[in-house]
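The lines below spell out each chain.
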Amino acid sequence: MFKGFYNLTSAMLTHGRNLNVISNNMANVSTSGYKSDTFTATTFDDVLWSRVGNKNKIYEDLGNQSYITAPSQLYTDYSQEGFDATGGVLDFAIEGDGYFAIQMAEGDQTLYTRAGSFSLDNEGYLTLPGAGRVLDEAGAPIYLLTDKLKCDERGTLYSVQGDFLGRIGVFSFGEDAAPAKDASGLFQADGEAQLNDNVRVHNGMLERSNVDWLQQMTKMISAQRAYQSAASLSKMYDEVMNHAASNIGRM
């Protein structure tokens, strides 16, 4: 008789997690290279309800019912938005399918990003602030020492005198090995990264976030209303159960 609490509580938890995803998207609407997430939910396996059998053990099916909803999967939208001109010498944007490779400062892990707002660390290496050093086409950190440089559309870096300094690596993955986004907004890849020469690297520009502010606001309003409805029904259900226990029980 209390199964309604399972349905309502799971609805509140599910909509609450959906609101967290939407809020994170909206918070990153101005984050360069950010890719928005979409929350999906599912139900537990259906339960087949049957009438208790008679002396001949003949059962009659009454129908199917699913008790609760639960989080299913986060889907990342990898679509590319336009670019914002910044004029920054160490700002880069990728036009096409690919990612910058970042050697994490802690550990020997390589993660990937579309955000190209780089800087130089204390040792003169090209770095993604707060993450690690940017890797070249051979998978080695890029040593520059100076930010007075030029860059062509292949990501090749030159000094103002024309001396070769390195080439920013742009890597891609197979169709079945799309990288997964972690909590920091960087991407982890299970498959092997391949150098992609069929892209253009724009210097002095950053890729915009692909978050649609209006769409996310609409989703937030819908999720909030669903959450509030589940909470209100849960309160009403609790009052009915209290009434049943305190009044009907005495009869």
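Check the entry above for the structure.
Residues numbered from 1 in each chain as written. Predicted model: local features only at pLDDT ≥ 70, side-chain atom pairs only at ≥ 80, totals over all residues. Heavy atoms only, no water.

J.: Any details on the overall build of the protein chain? Residues and values, ideally.
T.: Within the protein chain, the secondary structure is distributed over two helices and 20 strands. The buried share of the protein chain, reckoned over its 251 residues, is 34%. Considering only residue pairs separated by 6 or more positions, the protein chain has 64% of its internal contacts joining residues 24 or more positions apart. If you sum the accessible surface of the protein chain, you get close to 15000 Å²; carbon and sulfur atoms cover 51% of it. (Helix = DSSP H or I, 4+ residues; strand = E, 2+ residues; numbered from the N terminus. Buried < 20%, exposed > 50% of the residue type's maximum accessible area, 1.4 Å probe, protein only. Contact = heavy atoms within 4.5 Å. Areas by Shrake-Rupley, 256 points an atom, 1.4 Å probe, with all protein chains shown as cover.)

J.: Would you mind going over the packing of aromatic side chains in detail, with residue names and values included?
T.: Counting across every chain of the model gives nine aromatic pairs. Consider the rings of Tyr-112 and Phe-173, whose centres lie 5.0 Å apart with planes at 90°: the pair is edge-to-face. Placement of Tyr-112 in strand S8 (residues 110-113) and of Phe-173 in the loop between strand S15 (170-172) and strand S16 (180-181) is noted, with a sequence separation of 61 residues between them. We note that Tyr-112, like Phe-173, is buried. Three or more aromatic residues link up through ring pairs in this structure, and these residues are Tyr-78, Tyr-99, Tyr-112, Phe-171, Phe-173 and Phe-187. (Phe/Tyr/Trp six-rings, centres within 6.5 Å; stacked < 30°, edge-to-face > 60°.)

J.: Give me the lowdown on the sheet that holds strand S12 (residues 149-151), citing residues and values where you can.
T.: Pairing in this open sheet of three strands is antiparallel, and the strands run S12-S13-S14 from one edge to the other. Looking at strand neighbours, the two that pair on one side only are S12 and strand S14 (164-167), the edges of this open sheet. For this sheet, the mean inter-axis angle between neighbouring strands, taken without regard to orientation, is 25°. Both strand S13 (residues 156-159) and S14 contribute to a ladder of three bridges, which runs antiparallel. Residue Thr-156 lies in a different strand from S14, and its bridge partner there is Arg-167. (Pairing = 2+ DSSP bridges. Axes fitted to C-alpha atoms, helices over the stretch in contact; angles between N-to-C directions.)

J.: Residues and numbers for the side chain of Ser-36, please.
T.: The residue Ser-36 is located in the loop between helix H1 (3-27) and strand S1 (37-43) in this model. Contact partners of Ser-36, with chain neighbours within four places excluded, come to Asn-25, Tyr-75, Thr-76, Asp-77, Lys-181, Asn-210 and Val-211.

J.: How would you summarise the pattern of salt bridges if you had to cite specific residues and measurements?
T.: The tally for this structure, following the rule as stated, stands at ten salt bridges. Among the ionic pairs, Glu-123 bridges to Arg-133, the shortest N-O distance being 3.2 Å. One end of the pair, Glu-123, is in the loop between strand S9 (119-120) and strand S10 (126-128); the other, Arg-133, is in strand S11 (residues 132-134), and ten residues separate them in sequence. Where Arg-167 meets Glu-137, a salt bridge forms, and the shortest distance between an N and an O atom there is 2.9 Å. Taken together, the residues Arg-167 in strand S14 and Glu-137 in the loop between S11 and S12 connect sequence positions 30 residues apart. The class of Arg-167 is buried, set by a relative accessible area of 9%. The network of salt bridges with common partners includes Lys-35, Arg-114 and Glu-207. (Salt bridge = Lys/Arg side-chain N within 4 Å of Asp/Glu carboxyl O.)

J.: I'd like a rundown of the nonpolar core, residues and numbers included.
T.: In this structure, Phe-92, Phe-118, Leu-126, Leu-157 and Ile-168 are the most contacted members of the largest nonpolar core, which totals 22 residues. At the level of secondary structure, the elements contributing two or more residues to this core comprise strand S6 (92-95), strand S7 (99-104), S10 and S12. Leave out the neighbours within four places in its chain, and Phe-118 touches Leu-90, Asp-91, Phe-92, Phe-100, Ile-102, Leu-126, Thr-127, Leu-128, Pro-129 and Val-134. (Core = buried A, V, L, I, M, F, W, Y, C linked by side-chain atoms within 4.5 Å.)

J.: Mind laying out the side chain of Asp-91, listing which residues take part and the relevant values?
T.: Checked against the element boundaries, Asp-91 lands in the loop between strand S5 (83-85) and S6. There is no salt bridge for the buried Asp-91, and the closest opposite charge comes from Arg-208, which lies 13 Å off by N-O distance. Reaching out from Asp-91, the side chain makes a polar contact with the side chain of Thr-86 at a distance of 2.7 Å. When near neighbours in sequence (up to four residues on either side) are disregarded, Asp-91 contacts Thr-86, Gly-116, Ser-117, Phe-118, His-202, Asn-203, Gly-204, Met-205 and Leu-206. (Lys, Arg positive; Asp, Glu negative; His and termini not counted. Polar contact = N/O pair within 3.5 Å; in protein donor to acceptor, adjacent residues only side chain to side chain.)

J.: I'd love a proper account of the pairing of S7, names of residues and values included.
T.: Counting buried residues along S7, five of its six residues qualify, which places the element largely inside the surrounding structure. Judged from the two bridges that link them, S7 and S15 form a sheet pairing that is antiparallel. Looking across to S15, one finds that Phe-100 is bridged to Val-170. Sheet analysis places S7 next to S8, joined by four bridges and oriented antiparallel. Its bridge partner lying in S8, Ala-101 is registered against Tyr-112.

J.: How would you summarise the pairing of S13 if you had to cite specific residues and measurements?
T.: As paired elements, S12 and S13 share three bridges and run antiparallel to each other. Each residue of the ladder has a partner; that of Leu-149, found in S13, is Ser-159. Taking the residues between adjacent antiparallel strands as the criterion, S12 and S13 are bridged by four residues, where Gly-155 takes a positive phi near 85°. In this antiparallel pair of consecutive strands, S13 and S14, the connection spans four residues, and Gly-162 shows a positive phi of 95°.

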